Structure formats: structure tokens, C-alpha cells
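Remarks on the overall topology
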Amino acid sequence: VGTNAALKGVDFRDADTAGQQLVFANTYHLLLHPGSEVIRDAGGIHQFTKRFDKPFITDSGGFQVFSLAYGGVQQELSSQGELKRAGAGQKPLWREDVMGKDAVKVTEEGVTFRSYRDGSKFLLTPESTVQAQKDIGADIIIPLDELPPYHIDRDLLSESVDRSHRWEARSLKEHLKDVKNQAMYCVVHGGIDRELRTKSVQYLTSLPFDGYAIGGSLGNGREELKELLSWMMPLFDEGPRRSKPRHLLGIADEESIRNAVERGIDTLDSCYPTRLGRHGTLLSRRGHVRIKSTKQHSRSFGVKIDDACNCSTCQHYDRAYLWHLFKANEPIAVSLAAIHNIHYMNDLMEDIRQDIMNDKI
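Below or above, wherever it landed, is the structure these notes cover. (Residues numbered from 1 in each chain as written. Predicted model: local features only at pLDDT ≥ 70, side-chain atom pairs only at ≥ 80, totals over all residues. Heavy atoms only, no water.)

Describing the overall build of the protein chain
- For the protein chain, the count of helices and strands is 16 helices and 12 strands.
- Counting across all 361 residues of the protein chain, residues that qualify as buried make up 53%.
- In the protein chain, 63% of the contacts between residues at least 6 apart in sequence involve partners at least 24 apart.
- Approximately 17000 Å² of the protein chain is accessible, and the part contributed by carbon and sulfur atoms is 48%. (Helix = DSSP H or I, 4+ residues; strand = E, 2+ residues; numbered from the N terminus. Buried < 20%, exposed > 50% of the residue type's maximum accessible area, 1.4 Å probe, protein only. Contact = heavy atoms within 4.5 Å. Areas by Shrake-Rupley, 256 points an atom, 1.4 Å probe, with all protein chains shown as cover.)

Spelled out as C-alpha cells, the structure:
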């Protein structure tokens, strides 16, 4: 995930060398800065970032309906659906003097946001988010949808699913006016409700989307996600649905990747590798290496993060030096960790693709 059309602490060239293919950018953030028209005038996101030969995907801004109201996914789960702005005794995750108490408002027309930068209001509609994504010029674009929380009354969830369906149909209509060699994936909703998920699959796959993204609340942990995918993904194997790609939104830890691919997911996105790296957790085939948490790493001379890894970090640095960099709060520590973690995750995906080719999955 490159929220602002940039990976945290890693140049695109380093990520691409590690095997990175699809990069996910956030339309909401790019609308606020630098503005979709700036990216358009630069020649689109590929020209703007000088990443010419690898694909980008942009979301619609719909996730911000959720995050501005509830915070992150884990915050919503732990608060059992309590609105972020209503949390007593908690430090706000935004400047309340800028965002105010009405940071987001959902109507049939679309979503009215307050900018986290200056508090100004703007309306995002199914049509305007497509127009913005046309300006940005990503290879895959997403229609406007609403992400309801895990903890929600079923009637409200049903209303939200229906609203997302109407918004997505409007987005698709706008997209088809000028395709511009972009693919549009629908977003299947319904939480963990079998009836609503099935309804969403049936309706959205009846429309001429180019691929299917699995979104909305995906459960209260890995096991619930695994169960959801186990009964839902076979629905995508029926008829012409089978030939179109399936993308899992926002989930890409190692265990969930394996569970998802085994059940028919093709692509995934997540800030998992770079976020772990920023906090000093390095991925390895023998388990996570928490480089800051124990002094034993201070004398791990000549010990790579992962013996089987050929990333530039592992080729040039040992655990002792990385321990020192993190403890000294050197900015380069974050970059070296992120480069390794991205390389590790791409090695993992390459192994999974090989297992598919060898009929092991």
C-alpha cells in the first residue's frame, strides 16, 4: 500500500527490484494533496511517480467513510462499534479544531468529508470519485462504496449493502463513458452475513465489472475471515465469474494470504510489511525477528535476518547493525527493514505461485 502514491520508507525502484507488482494508492488522500488534477497534468500516476511499467490500483475513498468515523479496523473491533468521535477519555486521532464533530456524512448522493488538512468540506460522489481516478490514471480503479463496521445492526448493514450497490452501479456507468484502458473492480459487501454476501455477489457479478474485490468487514480475526472465504469464494467459480480476477482488500499477513489463495483469491493489498518494518519487526522463514526487543541482537555479528533472503539489506547488513540503527533511531533503519520485508513477502508470493503451478494448491 502506497497511500500517498509512495511506499513508507522505500523507493519504488527498490520495491520493484524485490518483485513488487501492484501498488495501492488512496484517492481520498491524493484528492486532498496534491489534487487529482495535478497528477493528471503530470501525465498520470505512472509519469508522476516515474514508475512506468508496473500497475497501480486506486480505491474510491469509501474506506475513509469508515476510518474517519471509527478509526482503524482494530479500533472499531475493540470499541465494539463505538464512533471514534464519541470515545470518552480517548485522545482524538485527528485535530478536532480542524475536523470537527462531523468529519463524514453519508447520503444517497455520496459522502461529504472534512479534509484532515484544513477542515474544508468536499463531496465525493460515485461519479466524482471515478472522475478523480481517471485523472490519477491507475490501471485498476474501484467504485464508491461504504464500509460499515463489524458491529452493526443487521437492518443497517442491509441498507448499507444496498446503498453500495447503487453507488457502484453509478460508478460503473460513469466509468464506461470513457474507459481509458482502465479496469474497474466491484466491491462485494455484506459483512459476515451469508445472505447479504450472497446477494452482493449475485448482483455485482451481473454487471460488467472487470474483476471482483472482496471488501467490507471481513470478520473478527483470521479464523472468521477463513470461514467467510470458505463458503463465499465458491460462488465466484460459477459460470463466467470464474474467468475474472478476485482481489482481497486490506488483508495480507502471511497466514491470511495462504488461507485466501487456497480459497481462490488472486491478489491482495496491505501495509503489513512496511508497517511491521517501521516498528522494528522483520520477517523471516523462522518467524518474526523483533530487532529492538532484545539486546541479544546487539552481538548477532554476521547473522542475516533470514539466511535464504537475497534482498539488499540481507546482503549488506547483519542483525547487530540493524539493532544499533533502530536503537539509535536512525531513519535508514526503517528503509532497510521495509526493503527486507517487501522482498520477503514477494518471495512468499513467488513460492505460492510455484505451488499453484505444481498443483500443491
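Here the narrative resumes.
Some points on helix α8 (residues 126-136)
- With 8 of 11 residues buried, α8 lies mostly within the body of the structure.
- In the segment just after α8, Gly 137 is the residue with positive phi, at about 85°.

Here we look at the pairing of strand β7 (residues 183-188)
- Counted residue by residue, β7 has 6 buried out of 6 residues, so it is predominantly covered.
- In β7, alternate side chains face the same way, and those of Ala 183, Tyr 185 and Val 187 on one face and Met 184, Cys 186 and Val 188 on the other are all buried.
- Pairing between strand β6 (residues 140-141) and β7: 2 bridges, direction parallel. Each residue of the ladder has a partner; that of Ile 141, found in β7, is Met 184.
- Taken together, the 4 bridges between β7 and strand β8 (residues 211-214) define a ladder with parallel strand orientation. Along β8, the bridge assignment pairs Tyr 185 with Gly 211. (Pairing = 2+ DSSP bridges.)

Considering the packing of helix α11 (residues 222-232) against helix α12 (residues 254-262)
- Relative orientation of the contacting elements α11 and α12 amounts to 10°, with a least axis distance of 10 Å. With respect to their mutual orientation, α11 and α12 come out roughly parallel. Residues Arg 222, Glu 223, Leu 225, Lys 226 and Leu 229 of α11 form the contact with α12, whose participating residues are Glu 255, Ser 256, Asn 259 and Ala 260. (Axes fitted to C-alpha atoms, helices over the stretch in contact; angles between N-to-C directions. Parallel < 35°, antiparallel > 145°, perpendicular 65-115°, else oblique.)

Re the sheet that holds strand β1 (residues 23-25)
- The strand order β1-β2-β6-β7-β8-β9-β10 describes an open sheet built from 7 strands, whose pairing is parallel. Two strands close off the open sheet at either side, each with one partner strand: β1 and β10 (267-268).
- As defined by bridge partners, strand β2 (residues 56-58) adjoins β6 across 2 bridges and the pair is classed as parallel. In the sheet register, Ile 57 faces β6, and the bridge partner there is Ile 140.
- Each of β6 and β7 touches helix α9 (residues 154-176); the most contacted strand, β7, lies at about 175° to it.

A closer look at the packing of α9 against helix α10 (residues 194-204)
- Following both chains from N to C, one finds α9 and α10 inclined at 10°, their axes separated by 11 Å at the closest point. Between α9 and α10, the interaxial angle falls into the category roughly parallel. Of the residues in α10, those touching α9 at Arg 154, Leu 157, Ser 158, Val 161, Asp 162, His 165, Glu 168 and Ala 169 are Glu 195, Leu 196, Lys 199, Ser 200, Tyr 203 and Leu 204.
- Along the lines of polarity and charge, the residues of the contact of α9 with α10 split into 6 nonpolar, 3 polar and 5 charged. (Nonpolar A, V, L, I, M, F, W, Y, C, P; charged D, E, K, R; others polar.)

Quick look at the side chain of Gln 182
- Within the fold, Gln 182 resides in the loop between α9 and β7.
- Looking at Gln 182, its side chain comes within polar contact range of the main-chain oxygen of Gln 133, at 3.2 Å.
- In contact with Gln 182, not counting residues within four places along its chain, are Gln 133, Lys 134, Gly 137, Ala 138, Asp 139, Ile 141, His 175 and Asp 210. (Polar contact = N/O pair within 3.5 Å; in protein donor to acceptor, adjacent residues only side chain to side chain.)

Quick notes on the pattern of salt bridges
- This structure, assessed with the given rule, holds 20 salt bridges.
- Its salt-bridge partner being Asp 41, residue Arg 40 comes within 3.1 Å of it at the nearest N-O pair.
- Asp 237 is the salt-bridge partner of Arg 246, the closest N and O atoms lying 2.7 Å from each other.
- One connected set of salt bridges, linked through shared partners, spans Arg 40, Asp 41 and Asp 135. (Salt bridge = Lys/Arg side-chain N within 4 Å of Asp/Glu carboxyl O.)

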